[in-house]
Amino acid sequence: VHTTDFPGNYPGYEDAWDQRRFEEGFRVDVIREEGDALEFDMVGIDAAIANAFRRILLAEVPTMAVEKVFVYNNTSIVQDEILAHRLGLIPIRADPRLFEYRNQGDQEGTEIDTLQFQLKIKCKRNPQAAKESSDPDELYFNHKVYSKHMTWVPLGNQTDLFPDADFRPVHDDILIALLRPGQEIDVLMHCVKGIGKDHAKFSPVATASYRLLPDITLLQPIEDEAAETLQKCFSPGVIEIQNINGKKVARVANARLDTFSREVFRHEGLKNLVRLARVRNHYIFSVESTGILPPDVLVSEAIKILMGKCQRFLNELDSVPME
C-alpha cells in the first residue's frame, strides 16, 4: 500500500474526510489473533507513520538465520551453493533478543552472537524392502532430508546460558534435498542475528500489509430486486437484506469486509445511490509471522524500533545550533 493510494485516485470513490480524523485519538485495537496471524487496527495516525511501521516490520525487526555453511561432505545432486541458500531460508526458532550482532569480519563467532547447527545424514538401502517395490520410502532410509534433521550444537557455555532453550527450525517438514544410497550431506551452520534490510532471510514476517477501513453509505433506501442486486455487488457479509413491512430492504452490515470492488458502478440504477469512501486515519493491519516470534511480539518490537528512530531524530534536532 502506497501513501498515494487514496480513494481520490480511483474513479467512483470519495475521500472520507470528516471530523473522525481529528476527533478520535490514537488507539490500537486487536481484532483477531490466530496462531502466527494477527489483525489489528491503528486509528488516528497519518499514512506516513502507518507505512513506516509496515516497513520496519518487513526489514528492521531482527531475527536469527543461517549465515555461514561449512560443507564437509556433500555428495547429493544439490550443489553446495544451492544447498547453502536453501538452508539460509529456513526460519530458526530462536529469540534474537537473547543474542548480540556479530562483529563485522568475525569468522568464528561466540556463544553470545552465534547459534550452531549440524546437518549430518546418509542415505542407505532398506534390506527388508520387497524386491518388487518401487516406493523410495520403502526402498531407502533417509532419502529425504528435512529441516528436522538439523540439530543444535551448543557453542561455548550456551548449555548453561540457555538451559531451557529449544533452538530448532520453526517447521520440521521443510524438504532440503533428496538422496539416493551412498549419498550424504555433512554440513555445519552458523546462525547470526540480522535484519531484512540486509537479506530477506532475516525478515520475521511472511506478510505485513495494511488497508484503509471502507466506508459505505446508502444515500436512499434500496428495496426488493435492487437490494438483491446490491448485495451481489459486494463481498459476502457486507450488505444484508432485512424484511421490513413485507419489503426487502438493503442495509450495510459490515463494511470492513468490503474489498473495494467497483461492481456497483456497473449498474445504472444503483451507482448514484451508494457512496463508497475510506476512513483516512483508520488502518487495518494484517501481520503473519514466519513463526520465529509471535506476531504480537513482532508488533511490539516494531513499535520500539520506531520510537527509537523518533528519539534519535529529536536528539539530532536538539544538537543543531539554532540561529
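A quick note: this is a predicted structure, and the numbers were derived from the prediction, not measured.

Caption draft 1: Structural detail: the nonpolar core. The biggest cluster of nonpolar side chains holds 28 residues, and the ones touching the most others in it are Leu87, Leu119, Met150, Ile176 and Ile185. Broken down by secondary-structure element, the contributors of at least two residues to this core are strand 4 (63-74), helix 3 (80-88), strand 6 (115-122), strand 12 (175-178) and strand 13 (184-194). With sequence-adjacent residues up to four places away left out, leucine 87 is seen in contact with Val66, Val69, Leu119, Met150, Ile176, Val187 and Met189. Core analysis: the second largest hydrophobic core is formed by 25 residues, Met42, Ala47, Tyr210 and Leu293 among them.

Caption draft 2: Local environment of the side chain of serine 203. Relative to the helices and strands, serine 203 resides in the loop between strand 13 and strand 14 (205-218). In this view, serine 203 contacts Leu58, Thr63, Gly196 and Thr290; residues no more than four positions away in its chain are not counted.

Caption draft 3: Focus on the UniProt feature "domain: DNA-directed RNA polymerase RpoA/D/Rpb3-type" (unreviewed entry) in the protein chain. Mapped onto this numbering, the UniProt entry annotates "domain: DNA-directed RNA polymerase RpoA/D/Rpb3-type" (unreviewed entry) at residues 37-316. Helix and strand shares over residues 37-316 are 22% and 35% respectively, and the end C-alpha atoms of the span are 37 Å apart.

Caption draft 4: A look at the sheet that holds strand 13. The antiparallel open sheet is built from four strands, whose spatial order is 4-13-6-10. Each edge of the sheet is formed by a strand with only one pairing partner; in this case those strands are strand 4 and strand 10 (151-152). The pairing of strand 4 with strand 13 spans ten bridges and is classified as antiparallel. Within strand 13, the position partnered with valine 71 by the bridge is valine 187. Along the sheet, helix 3 makes contact with strand 4, strand 6 and strand 13, crossing strand 4 at roughly 150 degrees.

Caption draft 5: Here's a closer look at helix 7 (residues 295-319). In a regular helix each residue adds 1.5 Å, so 25 residues correspond to 36 Å; helix 7 covers 36 Å between its end C-alpha atoms and thus fits that length. For helix 7, the full list of buried residues reads Pro295, Val297, Leu298, Val299, Glu301, Ala302 and Leu306. Of the surrounding elements, those touching the buried residues of helix 7 are strand 2 (27-34), strand 3 (37-43), helix 2 (47-59), strand 14 and strand 17 (274-289).

Caption draft 6: Examining the pattern of salt bridges more closely. Within the structure shown, the criterion is met by 17 salt bridges. In this structure, the salt-bridge partner of glutamate 60 is lysine 197, at a minimum N-O distance of 3.9 Å. Highlighted residues: glutamate 60 in the loop between helix 2 and strand 4 and lysine 197 in the loop between strand 13 and strand 14, separated in sequence by 137 residues. The exposure class assigned to lysine 197 is exposed, which follows from its relative accessible area of 55%. Lysine 309 is the partner of glutamate 60 in a salt bridge, and the nearest nitrogen-oxygen pair spans 3.0 Å. Residue glutamate 60 is found in the loop between helix 2 and strand 4, and its partner lysine 309 is found in helix 7; the two are separated by 249 residues along the sequence.

Caption draft 7: Looking closely at the confidence of the model for the protein chain. Taken residue by residue, the protein chain gives an average pLDDT of 89. The fraction at 70 or more is 92%. Across residues 16-23, confidence stays below pLDDT 50; counting only partners more than four residues off in sequence or on other chains, it has twelve contacts.

Caption draft 8: Quick look at the environment of valine 252. Along the chain, valine 252 falls in strand 16 (residues 247-252). Linking valine 252 and glutamine 231, residues 21 residues apart in sequence, is a C-alpha distance of 9.3 Å. The contact partners of valine 252, leaving out residues within four places of it in the chain, are Ile216, Leu218, Val238 and Ile239.

Caption draft 9: Structural view of the packing of aromatic side chains. Evaluated as defined, the whole model comprises nine aromatic pairs. Between phenylalanine 53 and phenylalanine 285, the ring centres sit 5.4 Å apart and the planes meet at 85 degrees, which makes this aromatic pair edge-to-face. Residue phenylalanine 53 is found in helix 2, and its partner phenylalanine 285 is found in strand 17; the two are separated by 232 residues along the sequence. Phenylalanine 285 matches phenylalanine 53 in its accessibility class, with the two residues each being buried. Three or more aromatic residues joined by ring pairs form one cluster here, namely Phe40, Phe53, Tyr210, Tyr283 and Phe285. Positioned over the ring face of tyrosine 101 is lysine 193, at 4.8 Å from the centre of the ring.

Caption draft 10: How the structure looks around the packing of helix 2 against helix 7. The interhelical angle for the contact between helix 2 and helix 7, taken along N-to-C directions, is 115 degrees, at an axis separation of 9 Å. Considering the relative orientation of helix 2 and helix 7, their crossing is right-handed. Between helix 2, through Ile49, Ala52, Phe53, Ile56 and Leu57, and helix 7, the contact on the second element is made entirely by Leu298, Val299, Ala302, Ile303, Ile305, Leu306 and Lys309. Tallied by class, residues from the contact of helix 2 with helix 7 come to eleven nonpolar, no polar and one charged.

Caption draft 11: Quick look at the side chain of aspartate 113. Locating aspartate 113 in the fold gives a position in the loop between strand 5 (92-93) and strand 6. Arginine 102 is the oppositely charged side chain nearest to the buried, salt-bridge-free aspartate 113, at an N-O distance of 4.4 Å. Among the polar contacts listed, one links the side chain of aspartate 113 to the backbone nitrogen of threonine 110, at a separation of 2.8 Å. Side chain to side chain, aspartate 113 and threonine 114 meet in a polar contact 2.7 Å long. Aside from chain neighbours lying at most four places away, what touches aspartate 113 is Phe99, Glu100, Tyr101, Arg102, Asp106, Cys191 and Val192.

Definitions and limits used
- Sequence order as written defines the numbering, with residues in each chain counted from 1.
- With pLDDT at 70 or above as the cut-off, local features in this predicted model cover only qualifying residues; side-chain atom pairs require 80 or more to be listed or tallied, and sums for whole chains, interfaces and linings still use all residues.
- In computing side-chain properties, one takes all heavy atoms of the structure into account and sets aside hydrogens as well as water.
- The definition of a nonpolar core used throughout is a set of buried Ala, Val, Leu, Ile, Met, Phe, Trp, Tyr and Cys residues joined through side-chain atoms within 4.5 Å.
- We call a residue buried when its accessible area falls under 20% of the maximum for its residue type, exposed when it is over 50%, and partly exposed in between, using a 1.4 Å probe and counting protein chains only.
- For helices the rule is a DSSP run of H or I covering at least 4 residues; for strands it is a run of E covering at least 2, with both sets numbered from the N terminus onward.
- Any two residues whose heavy atoms approach within 4.5 Å are treated as being in contact.
- UniProt positions are given in the numbering used here, feature names are shortened, and annotations may be inferred rather than shown by experiment.
- DSSP calls a pair of strands paired once it identifies at least 2 bridges connecting them.
- Convention adopted: a line fitted to C-alpha atoms gives each axis, helices being fitted over their contacting stretch, and angles between N-to-C directions are expressed from 0 to 180 degrees.
- A helix is expected to span 1.5 Å for every residue after the first.
- For salt bridges, the criterion is a side-chain nitrogen of Lys or Arg within 4 Å of an Asp or Glu carboxyl oxygen.
- Confidence scores here are pLDDT values: one per residue, from the predictor, ranging 0 to 100.
- Stacked, tilted and edge-to-face are the three classes applied to pairs of Phe, Tyr and Trp rings, where Trp contributes its six-membered ring and a pair requires centres within 6.5 Å; stacked means planes under 30 degrees apart, edge-to-face means over 60, and tilted covers the rest.
- Consider the ring centre and the ring normal. A charge sits over the ring if Lys NZ or Arg CZ is within 6 Å of that centre and within 35 degrees of that normal.
- By convention the crossing between two helices is left-handed if the near helix lies anticlockwise of the far one by an angle smaller than a right angle, and right-handed if it lies clockwise.
- Three categories are distinguished: nonpolar for Ala, Val, Leu, Ile, Met, Phe, Trp, Tyr, Cys and Pro, charged for Asp, Glu, Lys and Arg, and polar for the others, with Gly belonging to the last.
- We treat Lys and Arg as the positive residues and Asp and Glu as the negative residues; His and chain ends play no part in the count.
- In protein, a polar contact requires one atom able to donate a hydrogen and another able to accept it; more generally it is a pair of N or O atoms within 3.5 Å, and residues adjacent in sequence count only if both atoms are side-chain atoms.

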